[in-house]
Every structure is written in structure tokens, then in C-alpha cells.
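Notes for the structure review
Residue-level listing of the chains:
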Amino acid sequence: GEEIDLYAINYFGNRITYRELFRKINLVSRALKYNDIKKGDVVSICLPNVPEAIELFYAISKIGAVAEMVHPLSSESEVEKFLNDSNSKILFLYDENYKKYQNLLHKLSIKVVLVGVSISMNRQMKVIYKAGTFLKNNRSDINFYENIEPWHMFINSGYFYHKKIEERITCKSPALILHSGGTTGTPKEIMISNYSFNAMARQGAVNVIRVEPKDKILTVLPLFHGFGLAICVHCPLCLKVEVILEPKFDIKRFSKTIKKLKPQVLAGVPTMWEVMMNSSHFKNINLASLKYVISGGDFLSVEAEKRMNEFLSTHKASIKVTKGYGLSESLAATIYTFDKCNLLGALGKPMIGNRVKIVMPYTTIEVPKDSEGEICVTGPTLMLGYLNDRKETKNVLKLHDDGVVWLHTGDVGKISNGDVIYFTGRLKRIIVSSGFNIYPSQIEEIILSHKAVLECAVIGVKDSYKVQVPKAYVVLKEGFSPSVKLLAELRILVKKKSALYVGLKQIEFIKELPKTIYNKIDFKKLEERDG
């Protein structure tokens, strides 16, 4: 049918039709089977936004395996933990990261397939890209020993597999593992079922009623994030929308793409909108083609929302920004501001099939309307649970008196103005920086491992660009005194042991940390100090 010849993906000007995408997914499925991947096996994807990552995700699902999405900026120790926990069989790795994980890859006996960002570019772009990167790094240092191979070798092995590839699976079969800090702050592996992932796409279709086939969405949000994978790739592809895929958010390229391709949908995090509103590249760009601008991943302040709507109207867009709310545990989209409930500062109403209630924190007791409490959500997109962590799963997915399992989000909010839901704060001490969750406890642990450190507390401080960034207060042991050298040592330590996006802003030496009456660190006091 003609639908198959619509465009599915546009990657640096190379437009891939649905027909071609299905052909590639089939070939990747065969290559996975050739490499002995069985139903239920875990395959890890540690790639930026490239078409190969999308082909892999669907191919893994087609053969009944599970796709584990890993952030390409993860530290070596994080990647090691992820691969061991999930017992992954193959790792698809961004080739530029090979050097970073080299020692780890030799230690683990896992098959590795290296994928570059230029594979799917058109000829002209390839030439430009290669000319630029050739000067930076010479690839000849990769030893293709037996368990490391380049993408083209992997994909060609698919031609040798001729047996059946599809597997029968149930709606409870896991399709996906996403990584997040969970609601308590230690890294979690979130298992999402096939059923939930598809339910999300169906819910999304109801919410973006003006979207039609042949529309375009500009996707810069990473595929290892529930928001990027579910809302910016899976949902549009299910609606016959063309996904304009970019490996990273670069404002110059972003503005050029919008100017040239006039997409109907933009989805992003508040940090992105800040950059867009302050960029000279957007001075005279016409945004009249836009049907939706969806903001998620972090709370969009009322102030930013007003400026954003102003920005849209001065750039000839006839719409307002819409907001979504969710967690990886509920596949990134649970509540959304439909046209009728898109009030300033609101999260919106539950997506079709979902329900929301507000309970007294740390209980399952519902609070009266208009009162603040912990936001709990339920619906078809809830995770199956955390991988290998029943205790933590039980802490978050709770059976209430109504006989329904509810996800306790750790976020504080209220329901008012009809049934509109508002976000008012966080129960947990998560720092959300550019839409990424940063867990203070992890940074504290790293700093405490230094021989000179007695105590440490990390809080989020305001940042005009990233919304919040971590700041550490450090108490030194006796016999040690603050110095530039010590400061540098702590910085290097954090940089080495944490993911790149953590970006610890400041370290301040302090005589003693303020304590509560229960002798716990008083984080509120520290925050006021920086207020």
C-alpha cells in the first residue's frame, strides 16, 4: 500500500520509507537470530539517536528479546553494573565510545557491535562528517578481535539466517529496560512490557488529535529516555508521522532544520526551550507550521511557560505549549494538558485509561480535593517492576484499599480547577538538571570515598540554564584543611566516577553541616543558605 511508501525517518537528509524501515528491521532481526539471541534475552543499546538504534529496538522486540537502553554518557562502572544486572548478550556501542570502555569490554566476555553516526547519512553528509572527524580521531586503533565487530559485518550476517524470526509473546512479556534513579535515588532498571509500550502510543494518539499522516516531528530527545523513545519515536511512527532524527541537540542545526523542514511537532525539556528562546538563530524563524510543542522531562515553571507562549506567538505559531508529566516507571507520559485543560502551571489531566489520586505522603490515604499530597498514578503504562529488586518495586507499586495497584511517584501535587492536576514539589531529593535526574546520594558517596572527607551533603542550586545543578558541602577530617589542591582532587574524583551530565557546579568547605533535632543533615537549611 501507499502507506508503506510514506517516509518514516529523515536522518541528515536521508529519508527512509516505512517499506525500507520494515526491510531493515527484518534484516536486523535475522542478524540477531544468527548471533544466537533467543526469546527473553537482553540486548543492550548504548547509542545516540541514529536510525540503527530504532531498527534495533524494533528487531529485538520482533524476536521476543528485551532491549536495554543505556545512556552513552554513562560511566564505565555504571555500564558494567547494567550489563551484569541484565545479563546482556550483545552490546551495541557508539564507536566513538570504544576507547572510553575499552578496558571494560576486554574484561566482560560480551559480544560488541560498533555503530557510527554516519552509517545512515546520505553520501554528501557522510563526506562532510568524515572530513570533520578524521582530524579528531583515527579509528585504526580498534582491534576487531573475535567478539568486537563493526555494524556492517553484524548486519550482513542476517543474510545467512533463513529460519522463522517472529516469536509468540504475551502482553506481560518485557520489551524494554530503561535506566533511572527510581523514586528513591539509587539507580534502577525499569522493566516495561510490550503491552504498556503500545498502550502509550494509543494514548498519545488520542491526545494529539490534530496530527495526521505525513506530518513531521523533530526528535532530539535521546532514545535511552522513556520520553524520547515512546513519545518522540514510537508514537509518531504508529501515526505515520515522519521522524526527523538528530543525534544531539545543537541549537544551530535545530533552527536550520525547523526553517527547512517546517515540522508540525516539537517535543523537548525546559532546558531546550530556554536555549531556543535565547538563541540568535531563532531571531526570525517562522513557527507557523507547528501544531504541538510538548514540554516534559521536568517541570516547566509558570514564568518559563508565559515566556514560551509569548515566544510562540511572536514567531507566528497559533498554539500554546502543552505539558506532559510522567516517570520512566509509567513510561514518561501519564498526565497531559489537552486543549481544554491547558492552564498555566498545570500538568493537565490523566491520559485515557490512566487515573491519578493524591495521598498523604508515605501512606495510601487519599486527601481531600485541593489539598497537597503525593501524586499516585495507575493505568496500562505502569512498569512491570524493577529488575531483580522486589523490595524496591513493592515500595513504589502499592496495592491500595480499592484493589488497584498504584505507582507512588514521590512527587507532590494537588487536584483543583475541575479535575486539573498541579505539581508543587518533590518528596525526594532528586536534582533535575536539563531533564536528567541526578541523585545527590550518589555524588555524596563518591566524595566521601576521599580520605580527607568526614561528611558531605549535596543539594540542588538554581541555575539559569540547567534549572538546577548540584552543589556539595564538604566537612573535612581533622588534620586536613581546605586547599586548591584538595578541591581539584574532589572535582576529578566526581568527574571520573559519575556520568558526564552530573556536572557538579560548586564544592564548598564548611566547618559543620546543619542538623535537625533527629541529628539528620538539615538539607532545607543548606538550601536556604543558597536561596
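Quick caveat, the model's predicted, so the values are computed rather than measured.

Calculation criteria
- The residue numbering used here restarts from 1 in each chain and proceeds along that chain's sequence as written.
- Per-residue local features are limited, in this predicted model, to residues with pLDDT of at least 70; the limit for side-chain atom pairs, both in listing and counting, is 80 or more; totals at the level of whole chains, interfaces and linings are taken over all residues.
- Computation of side-chain values: all heavy atoms of the structure, hydrogens and water removed.
- By salt bridge we mean one thing: a side-chain nitrogen of Lys or Arg within 4 Å of a carboxyl oxygen of Asp or Glu.
- Secondary structure elements are defined from DSSP: runs of H or I of at least 4 residues count as helices, runs of E of at least 2 residues count as strands, and each element is numbered from the N terminus.
- When accessible area is computed with a 1.4 Å probe and restricted to protein chains, residues below 20% of their type maximum are described as buried, those above 50% as exposed, and intermediate ones as partly exposed.
- Any two strands with at least two DSSP bridges between them are considered paired.
- Think of it like this: strands point away, you trace from the first strand over the helix to the second, and a clockwise trace means the crossover is right-handed.
- To get an axis, fit a line to the C-alpha atoms, keeping to the stretch in contact for a helix; angles then go from 0 to 180 degrees between the N-to-C directions.
- Contact criterion: two residues are considered in contact whenever any of their non-hydrogen atoms come within 4.5 Å of each other.
- Roughly parallel refers to an angle under 35 degrees, roughly antiparallel to one over 145, roughly perpendicular to one between 65 and 115, and oblique to any angle outside these ranges.
- Gly is put with the polar residues, along with every residue not named as nonpolar or charged; the nonpolar set is Ala, Val, Leu, Ile, Met, Phe, Trp, Tyr, Cys and Pro, and the charged set is Asp, Glu, Lys and Arg.

1. Quick notes on the pattern of salt bridges
Enumeration over the complete set of coordinates arrives at 22 salt bridges. For the salt bridge of E166 with K62, the shortest nitrogen-to-oxygen distance reads 3.3 Å. Of this pair, E166 sits in the loop between α6 (151-156) and β8 (174-180) while K62 is found in helix α2 (residues 51-62), placing the two residues 104 residues apart along the sequence. Among the residues examined, E166 registers a relative accessible area of 44% and is labelled partly exposed. On the basis of relative accessible area, K62 is assigned to the partly exposed category, the value being 25%. The salt bridge partner of K107 is E80, with a shortest N-O separation of 3.1 Å.

2. Here we look at the pairing of strand β3 (residues 42-46)
Taken residue by residue, a regular strand's side chains alternate between the two faces of the sheet. Counting buried residues in β3 gives five out of five residues, a clear majority hidden from the surface. As judged from the four bridges shared by β3 and strand β4 (residues 66-69), these two strands associate in the parallel manner. From the neighbouring strand, V43 faces β4, where its bridge partner is A67. Considered for its hand, the β-α-β crossover made up of β3, α2 and β4 is right-handed. Pairing of β3 with strand β5 (residues 90-94) involves four bridges; the strand directions are parallel. Across the sheet, the residue bridging to V43 is I90, located in β5.

3. Comments concerning the sheet that holds strand β27 (residues 506-509)
On the basis of which strands lie adjacent, the open sheet formed by three strands has the order β25-β26-β27 and mixed pairing. Taken across any chain shown, the strands that pair with only one partner, and hence form the sheet edges, are β25 (453-463) and β27. On average, each strand axis in the sheet is inclined to that of its neighbour by 25°, with strand direction left out of account. Where strand β26 (residues 467-476) meets β27, four bridges bridge the pair, whose relative direction is parallel. Paired with Y473 across the two strands is E508, which belongs to β27. The strands touched by helix α13 (residues 440-448) are β25 and β26; relative to β25, the strand with the most contacts, the crossing angle is about 140°.

4. So, the pairing of strand β2 (residues 14-17)
Examined bridge by bridge, strand β1 (residues 7-11) and β2 share four bridges and lie antiparallel to one another. Across the sheet, the residue bridging to Y7 is T17, located in β2. Linking two consecutive strands that pair antiparallel, namely β1 and β2, is a turn of two residues; a positive phi of about 50° is found at F12 within it.

5. So, the packing of α2 against helix α8 (residues 226-238)
Where α2 meets α8, the axes come as close as 13 Å, and the angle between the chain directions of the two elements is 75°. As summarised for this structure, α2 and α8 are arranged roughly perpendicular, according to the angle between their axes. Contacts between α2 and α8 involve I54, F57 and Y58 from the former and L229, V233, H234 and L237 from the latter. Residue composition of the contact of α2 with α8, grouped by class: six nonpolar, one polar and no charged.

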